[in-house]
There are 2 protein chains.
Amino acid sequence: MESWSPEEFTERLRAVGAKAYHDRHPFHRRMHAGELSPAELRLWAANRYYYQKHIPIKDALILSRCPLPEIRRQWVTRLADHDGSGDDLGGIERWIRLAAAIGVSRAELDDDRHLLPGVRFAVDAYVELARSRPWVEGVAASLTELFAPALMSERLAALERHYPWIDRAGLVYFRERIVRAPRDASQALSIVIAHSRTHDAQARAVDALRLKCDLLWAQLDALEHGAVVEV
Amino acid sequence: MESWSPEEFTERLRAVGAKAYHDRHPFHRRMHAGELSPAELRLWAANRYYYQKHIPIKDALILSRCPLPEIRRQWVTRLADHDGSGDDLGGIERWIRLAAAIGVSRAELDDDRHLLPGVRFAVDAYVELARSRPWVEGVAASLTELFAPALMSERLAALERHYPWIDRAGLVYFRERIVRAPRDASQALSIVIAHSRTHDAQARAVDALRLKCDLLWAQLDALEHGAVVEV
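Residues numbered from 1 in each chain as written. Chains lettered and ligands numbered in written order. Predicted model: local features only at pLDDT ≥ 70, side-chain atom pairs only at ≥ 80, totals over all residues. Heavy atoms only, no water.

Participant: Break down the overall build of chain A for me, citing the residues and quoting the values.
Facilitator: Helix and strand content of chain A: 12 helices and zero strands. Counted from the first residue to the last, chain A has its helices and strands arranged as α-α-α-α-α-α-α-α-α-α-α-α. Taken over C-alpha atoms, the radius of gyration comes to 17 Å for chain A, in line with the 17 Å a tight globule of 231 residues would show. Expressed along its principal axes, the backbone C-alpha trace of chain A runs to roughly 55 × 40 × 30 Å. For chain A, the proportion of its 231 residues judged to be buried stands at 56%. The long-range share in chain A, meaning contacts at least 24 apart out of those at least 6 apart in sequence, stands at 80%. (Helix = DSSP H or I, 4+ residues; strand = E, 2+ residues; numbered from the N terminus. Rg over C-alpha atoms; globule rule 2.2 N^0.38 Å. Buried < 20%, exposed > 50% of the residue type's maximum accessible area, 1.4 Å probe, protein only. Contact = heavy atoms within 4.5 Å.)

Set out below in structure tokens:
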């Protein structure tokens, strides 16, 4: 089968987000409508931290699978984005501050005491994707960042409007990501297009992105159920 | 069993180098005495490239196994050292230039056509060490850099003296490593001491460094034999 043109390939990748991105999950809908209790928001912040702290792990696995120094040169900057460098705290530390503003302490994050099994399974599956599948598919899975800025803008506005008890200084994580996500997504999209040279490789990239959407969705399923059980 | 003091632990690590580092291998002895033929030097440069190009892979694996952002922040700079960043070519590209000065083209490096099986096995075993053993042991294995500056200084002088047909511009790889290795070794030693908290962990770190020395030694065994067969 002939490979898709860059335009059609891009359309197919974007279509995954329109269909399966977690912006439409009921838990996010309730968050953005101001309907989450403080306990539900705390559960979300604590569980999402498990995802955050594994992002540099999966990025390091992508690096370890990529034999091209020029790609690694681009991709390695993501580790600094999350772990920090120089004066930049990094995304993990910014998430810790967000969690503090919501009422979850660093100690509670460190020992995973609030971690729901479904969130653990989904995040571990994402790390396993990066470990076991070709590096281009790991990069393709990161393309949920194509869809993230709209969601994060909506979330930032919703948190400010509906949850005024959250210290705004804690929201800097989202302000940073809204700026960085489009840059990261554009870089990743160029890489995926350039290095998926057959129809089969393109289809596997689309599949990896779909799997990533499912992994994000499953985390919210666990939270939606966990919120009912625990809160 | 009680753990060693930092001083005794450091001594035990250094003792591995005194006993097993590849500076005393017959192939290096012949290199430094000016006894290698151009063909032998070419075989060495081509095979050593397989090791060079896997260093960022094993460093990415160490990163992927390390759950501590503050350690990853330090370790990630090694990827830039090898892959380059900004105007810095990086160690891999500098090795490619060294190989060119010795008479091995980029195309010959890219397809591993001169790669000896023993070199492949040893390098792959090093990558596997980083993949399968705790991250601190991967860091400990890098401590051959404690012993590298003396060897590289001797090698640089020997290459300039005995092999005047090698363009000196090609030797910049060694000039860079002589500067960076002590910094890297000091950083890695601090990490290994701080994160090997039991006698057992310390013994495993020493073992990892010994294994790394064996992996370097085995590469030269293959070259010494390969040189006899192929040249």
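This is not the end of the story, as more comes after the structure.
Participant: So what about the packing of helix 1 (residues 6-20) of chain A against helix 11 (residues 172-195) of chain A? Which residues, and what values?
Facilitator: Residues and elements named next belong to chain A. Relative orientation of the contacting elements helix 1 and helix 11 amounts to 125°, with a least axis distance of 11 Å. If you check the angle between helix 1 and helix 11, you find them oblique. For the pair helix 1 and helix 11, the sense of crossing is right-handed. Contacts from Pro6, Phe9, Thr10 and Leu13 of helix 1 reach helix 11 at Leu189, Val192 and Ile193. Among the residues forming the contact of helix 1 with helix 11, the class breakdown is six nonpolar, one polar and no charged. (Axes fitted to C-alpha atoms, helices over the stretch in contact; angles between N-to-C directions. Parallel < 35°, antiparallel > 145°, perpendicular 65-115°, else oblique. Left-handed = near helix turned anticlockwise from the far one by under 90°. Nonpolar A, V, L, I, M, F, W, Y, C, P; charged D, E, K, R; others polar.)

Participant: Outline the relation of the copies chain B and chain A, supporting the account with residue identities and numerical values.
Facilitator: It takes a turn of 180° to lay chain B on chain A, together with a shift of 0.0 Å along the axis; the resulting RMSD is 0.0 Å. This pairing of chains is accounted for by a two-fold axis. Of the C-alpha atoms belonging to chain B, the one lying closest to the rotation axis is found on Ala60 of chain B, 2.6 Å away. Take the interface residues of chain B: 100% of them recur as interface residues in chain A, which is what a same-surface contact looks like. (Least-squares fit on C-alpha atoms with pLDDT ≥ 70 in both.)

Participant: Any chance you could break down the interface of chain B and chain A for me, citing the residues and the numbers?
Facilitator: Residue-level contacts link 20 residues of chain B with 20 residues of chain A. Of the roughly 1500 Å² buried between chain B and chain A on both sides combined, carbon and sulfur atoms contribute 60%. Of all residues in chain B, Arg72, Arg73 and Asp83 of chain B give up the largest surface area on contact with chain A, accounting jointly for 37% of the area buried on that side. Across the chain B-chain A interface, the total number found is two salt bridges. (Buried area = accessible area lost by both parts, 1.4 Å probe. Salt bridge = Lys/Arg side-chain N within 4 Å of Asp/Glu carboxyl O.)

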